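Here is what each chain is made of, one letter per residue.
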Amino acid sequence: PKVGMSYRQEYYKGEAEDRGEILSLDEKVEVPFGSFDGVLMTKDTTRLEPDVLEHKFYAKDVGPVLVVSISGGSGREELLRFRRGP
C-alpha cells in the first residue's frame, strides 16, 4: 500500500459501494489490548451514509485495531483481545 491509494470495498452489483483511501503507513495507536507502531490508517466513506467519515487503523499481523468516527456518527471501536488462529 501507498499513501494516497484509494480502493473500493463491499461492492456488489453497483450497490453499497464503500470507499477507502490510505492516509498514513506509520501511525502509533494505543488500545486496551496494547500499543502498536507502523500502523496503516485509512479514511472510509460509504454511499449509504454519505455524511459518515471514519478513520480505521490496521496493525501488521493483527488487522483492525481501532476505528474512530470523524463525522456523521459517534463512537470508537478498540481492540480488546486478540488470539492467533491455528
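Just above, that's the structure.
Residues numbered from 1 in each chain as written. Predicted model: local features only at pLDDT ≥ 70, side-chain atom pairs only at ≥ 80, totals over all residues. Heavy atoms only, no water.

Chemist: Go over the pattern of salt bridges with me, naming the residues and quoting the values.
Modeler: Under the counting rule described, the total for this entry stands at four salt bridges. As a salt-bridge pair, Glu-21 and Lys-43 come within 3.4 Å of each other at their nearest N and O atoms. Separated by 22 residues along the polypeptide, Glu-21 in strand 2 (residues 18–31) and Lys-43 in strand 3 (residues 34–46) bring together distant segments of the chain. Owing to a relative accessible area of 26%, Glu-21 belongs among the partly exposed residues under this scheme. In this structure, Glu-54 engages Lys-56 in a salt bridge whose closest nitrogen and oxygen atoms are separated by 3.8 Å. One exposure class covers both Glu-54 and Lys-56, and it is buried. It is possible to trace a salt-bridge network through shared partners that takes in Asp-44, Glu-54 and Lys-56. (Salt bridge = Lys/Arg side-chain N within 4 Å of Asp/Glu carboxyl O. Helix = DSSP H or I, 4+ residues; strand = E, 2+ residues; numbered from the N terminus. Buried < 20%, exposed > 50% of the residue type's maximum accessible area, 1.4 Å probe, protein only.)

Chemist: Can you lay out the pairing of strand 5 (residues 63–71) for me, pointing to particular residues and giving the numbers?
Modeler: In this sheet, strand 5 lies alongside strand 4 (residues 53–59) in antiparallel orientation, the contact comprising seven bridges. Counterpart to Tyr-58 in the pairing with strand 5 is Pro-64. From the end of strand 4 to the start of strand 5, which pair antiparallel, there are three residues, and Asp-61 there has a positive phi angle of about 65 degrees. Of the strand pairs in this sheet, strand 5 and strand 6 (residues 76–78) are connected by three bridges, and their pairing is antiparallel. (Pairing = 2+ DSSP bridges.)

Chemist: With reference to specific residues and values, describe unusual backbone geometry.
Modeler: With the exception of glycine, the majority of residues adopt a negative phi angle, and the majority of peptide bonds are in the trans configuration. Despite not being glycine, Asp-61 shows a phi value in the positive range, around 65 degrees. Checked against the element boundaries, Asp-61 lands in the loop between strand 4 and strand 5. Residue classification places Asp-61 among the exposed positions, given a relative accessible area of 55%.

Chemist: Describe the packing of aromatic side chains, with residues and values.
Modeler: Within this structure, the stated rule accounts for two aromatic pairs. For the pair Phe-33 and Phe-82, a centre-to-centre distance of 6.1 Å together with 70 degrees between the ring planes defines the contact as edge-to-face. One end of the pair, Phe-33, is in the loop between strand 2 and strand 3; the other, Phe-82, is in the segment after strand 6, and 49 residues separate them in sequence. Of the aromatic side chains, those joined through ring pairs into one cluster are Phe-33, Phe-36 and Phe-82. (Phe/Tyr/Trp six-rings, centres within 6.5 Å; stacked < 30°, edge-to-face > 60°.)

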